[in-house]
Amino acid sequence: MLKTEFVKARSLEEAFCAISDRADASFVAGGTDLFVQIKEGKRKPSRLVSVREVPELLGIDLQRGSVVIGSAVPLSDVASSAVVAGHAPLVADACLQIGSPQVRNRGTIGGNIGNASPAGDSITALIASGARIRVKSLAGEREILLEASFLGPGKTVLSPDELITAVVVPVIQDHTRVAFEKYALRGGMDIAIVNVAISLDMVDGLVTDARIALGAVAPTPIRAVEAERTIRGNRPSSSLIEEAARVAARECCPIDDVRGTASYRRHLVYVLTKRALAKVCQGNVGRVWGCAR
Ligand SMILES: Cc1cc2nc3c(=O)[nH]c(=O)nc-3n(C[C@H](O)[C@H](O)[C@H](O)COP(=O)(O)OP(=O)(O)OC[C@H]3O[C@@H](n4cnc5c(N)ncnc54)[C@H](O)[C@@H]3O)c2cc1C
């Protein structure tokens, strides 16, 4: 039987000491992903270093034009934060659509990123929002663009002793419109078959910038760069939205798995991208459209 030592860190220093003197140690936050993987025999850490109660990881603040969310903040707190709702509404909406209230109370935003699932709901919203992550270890600190952090399912550019300390999300601008769409068999209770997050900058009826992030349709969450190019610099119309949604469906590369076939996922990308684009193009500036509940 696997014997795993559990260390509850009370500070960043304690966390880094506990992780650095054991080669197969792993950070854990809420454990909603990691404990399942341990139970299924996919991960066998001999030591778990819990960062869930490290005070430095628990704040939500406005800092120099960004919302800075501590990595150990539970998803439910991200979803209900007035700061996040007001300044990074796409992220609040996506977090509200993760799992059940129990999962959101336990699971953290840092864990959603650290787990590196291509279907992670907060991840697509964060990528569409242009988020970065702050990463720290005993060797130092760095900040990485979130969309450049993923190498494949369950794999990030982080080394095992590197901890995500915070997620840095640029404050939404007055001329930015955003929407998050997710399709899962049991609504928000389930992992997404596809999720789509969109952020459009609109000035005088023209799309001046577009960010479209797709989840569960490639080995990592991706930007639909061709679809973004289709819509950028143009005035939204139903034919432009139709064209951009078709381009997004063409440029993703889904696989068949237990949740759905590749062709079904491609169709969902078309439907959800079209729906999200229609909502942002018709909606009010600075508002989230596409809330499932
Ligand atoms: C019933 C159920 C439903 C779910 N539904 C959804 C859903 O709808 N959408 C969705 O996206 N996810 C869903 N999940 C997955 C999971 O709840 C989320 O991914 C959650 O955010 C994970 O956070 P955690 O704190 O529990 O991570 P943990 O399980 O503690 O950690 C996950 C991974 O991240 C690493 N990690 C944790 N914190 C850090 C950090 N600060 N720095 C670096 N690495 C770190 C850990 O080492 C581990 O490898 C569901 C899970 C369950 C069990």
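The sections below set out a description of the structure shown in this document. (Residues numbered from 1 in each chain as written. Predicted model: local features only at pLDDT ≥ 70, side-chain atom pairs only at ≥ 80, totals over all residues. Heavy atoms only, no water.)

Things to note about the overall build of the chain
Condition: The secondary structure listing takes helices from DSSP runs of H or I that are at least 4 residues long and strands from runs of E that are at least 2 residues long, numbered from the N terminus. In this treatment the radius of gyration is a C-alpha quantity, and the globule benchmark scales as 2.2 Å times the residue count to the 0.38 power. Two residues qualify as a contact provided that any one of their heavy atoms is within 4.5 Å of a heavy atom in the partner residue. Reported accessibility uses the Shrake-Rupley method at a 1.4 Å probe radius. Residues are deemed covered only where the shown protein chains occlude them. For this count, His and the chain ends are skipped, Lys and Arg are scored as positive, and Asp and Glu as negative. Where a charge sits is defined by one atom per residue type, namely NZ (Lys), CZ (Arg), CG (Asp) or CD (Glu).
Helix and strand content of the chain: 11 helices and 15 strands. Taking 2.2 N^0.38 as the reference for a compact globule, 293 residues should give roughly 19 Å; the C-alpha atoms of the chain span a radius of gyration of 19 Å, in line with that estimate. Counting only contacts in the chain whose residues sit at least 6 apart along the sequence, the fraction spanning at least 24 positions is 60%. Surface accessibility of the chain: about 13,100 Å² in total, with carbon and sulfur atoms responsible for 53%. Mean positive and mean negative side-chain charge positions of the chain (36 and 31 charges, respectively) differ by 4 Å.

Re unusual backbone geometry
Negative phi is the rule for most residues except glycine; trans is the rule for most peptide bonds. Despite not being glycine, R64 has its phi angle at roughly 40°, a positive value. Relative to the assigned elements, R64 resides in the loop between β4 (60–63) and β5 (66–70). Phi is positive for A216, which is not a glycine, with a value near 70°. Relative to the helices and strands, A216 is located in the loop between β13 (206–215) and β14 (222–223).

Considerations on the site of the ligand
Note the following rule: Residues are labelled near a given molecule or strand when at least one of their non-hydrogen atoms is within 4 Å of it. Counting of polar contacts relies on pairs of N or O atoms within 3.5 Å, with two restrictions inside protein: one atom must be capable of donating a hydrogen and the other of accepting it, and residues adjacent in sequence are counted only when both atoms are side-chain atoms. Lys, Arg, Asp and Glu make up the charged group, whereas Ala, Val, Leu, Ile, Met, Phe, Trp, Tyr, Cys and Pro make up the nonpolar group; the residues left over, Gly among them, are polar.
As a structural note, the neighbourhood of the ligand is formed by 32 residues, with F27, T32, D33, T108 and D121 the closest of them. At a separation of 2.8 Å, a nitrogen atom of the ligand approaches a polar backbone atom of I164. One of the side-chain N or O atoms of K182 is found 2.8 Å from an oxygen atom in the ligand. Taking 980 Å² as the accessible area of the ligand by itself, protein coverage stands at 88%. Put simply, the parts of the chain that give the shell around the ligand at least two residues each are β2 (25–28), α7 (109–114) and β10 (163–170). The leading source of residues in the shell around the ligand is α7, at 4 residues. For the shell around the ligand, the per-class residue count stands at 11 nonpolar, 16 polar and 5 charged.

A few points about a nonpolar patch on the surface
Note the following rule: Candidate patch residues must exceed 30% relative accessible area and have no salt bridge, after which like charges are joined if within 9 Å and Val, Leu, Ile, Met, Phe, Trp or Tyr side chains if within 5 Å. Any Lys or Arg side-chain nitrogen found within 4 Å of a carboxyl oxygen on Asp or Glu counts as a salt bridge.
Where nonpolar side chains cluster on the molecular surface, the patch consists of Y183, L185 and Y264 and spans about 290 Å² of accessible area. Along the chain, Y264 falls in helix α11 (residues 262–282).

A word on the nonpolar core
Threshold: Among buried residues, those of type Ala, Val, Leu, Ile, Met, Phe, Trp, Tyr and Cys that are joined through side-chain atoms within 4.5 Å constitute a nonpolar core. A simple rule labels every residue: compare its accessible area, found with a 1.4 Å probe on the protein chains alone, to the largest value its type can have, and call it buried under 20%, exposed over 50%, or partly exposed in between. Note: domain ranges come from an automatic or database domain assignment.
Grouped together as the largest cluster of nonpolar side chains are 38 residues, with contacts concentrated most on I69, V91, I109, I113, L126, I133 and V169. Elements that contribute at least two residues to this core include exactly β5, α3 (75–80), α5 (89–96), α7, α8 (121–128), β6 (132–137), β10 and β11 (176–183). Per-domain counts for this core show at least three residues from each of domain 2 (55–170) and domain 3 (176–288). A179, I222, A227 and A276 belong to the second-largest nonpolar core, a separate cluster that totals 33 residues.

Here we look at the sheet that holds β2
Using the following cut-off: Here, a strand pair is defined by DSSP locating no fewer than two bridges between the strands. Axis geometry follows a simple rule: fit a line to the C-alpha atoms, using only the stretch in contact for helices, then measure angles between N-to-C directions, giving values from 0 to 180 degrees.
Strand order in the open sheet made by the 3 strands is β1-β3-β2, with parallel pairing throughout. One side of each edge strand has no neighbouring strand; the edge strands of this open sheet are β1 (5–8) and β2. In this sheet, neighbouring strand axes are inclined to one another by 25° on average, regardless of whether the strands run parallel or antiparallel. Relative to strand β3 (residues 47–50), β1 runs parallel, the two being bridged by 4 bridges. Among the inter-strand pairings, E5 is bridged to a residue of β3, identified as R47. The sheet contacts of helix α1 (residues 12–20) involve β1, β2 and β3, and relative to β2 the element is tilted by about 150°.

With respect to the packing of α5 against α8
Our working definition: Orientation categories follow fixed angle ranges, with anything under 35 degrees roughly parallel, anything over 145 roughly antiparallel, 65 to 115 roughly perpendicular, and all other angles oblique.
Axis separation between α5 and α8 bottoms out at 8 Å; the angle between their running directions is 170°. Looking at the two axes, α5 sits roughly antiparallel to α8. Touching L90, V91, A94 and C95 of α5 are D121, S122, A125, L126 and A128, all from α8. Class assignment for the residues of the contact of α5 with α8 results in 7 nonpolar, 1 polar and 1 charged.

Focus: the side chain of S122
Residue position: S122 is located in helix α8. Exposure remark for S122: the relative accessible area of 0% places this residue in the buried category. Sequence-distant contacts of S122, defined by excluding residues within four places in its chain, comprise A94, C95, I98, I109 and N112.

A short note on the sheet that holds β4
Strand order in this open sheet of 5 strands is β4-β5-β10-β6-β7, and the pairing throughout is antiparallel. At either end of the open sheet lies a strand with only one pairing partner, and these are β4 and β7 (140–145). Strand-to-strand twist in this sheet, taken as the mean axis angle between neighbours without regard to direction, amounts to 25°. Examined bridge by bridge, β5 and β10 share 5 bridges and lie antiparallel to one another. For I69, the partnering residue across the bridge sits in β10 and is V167.

Everything listed is a geometric property; what it means functionally is a separate question.
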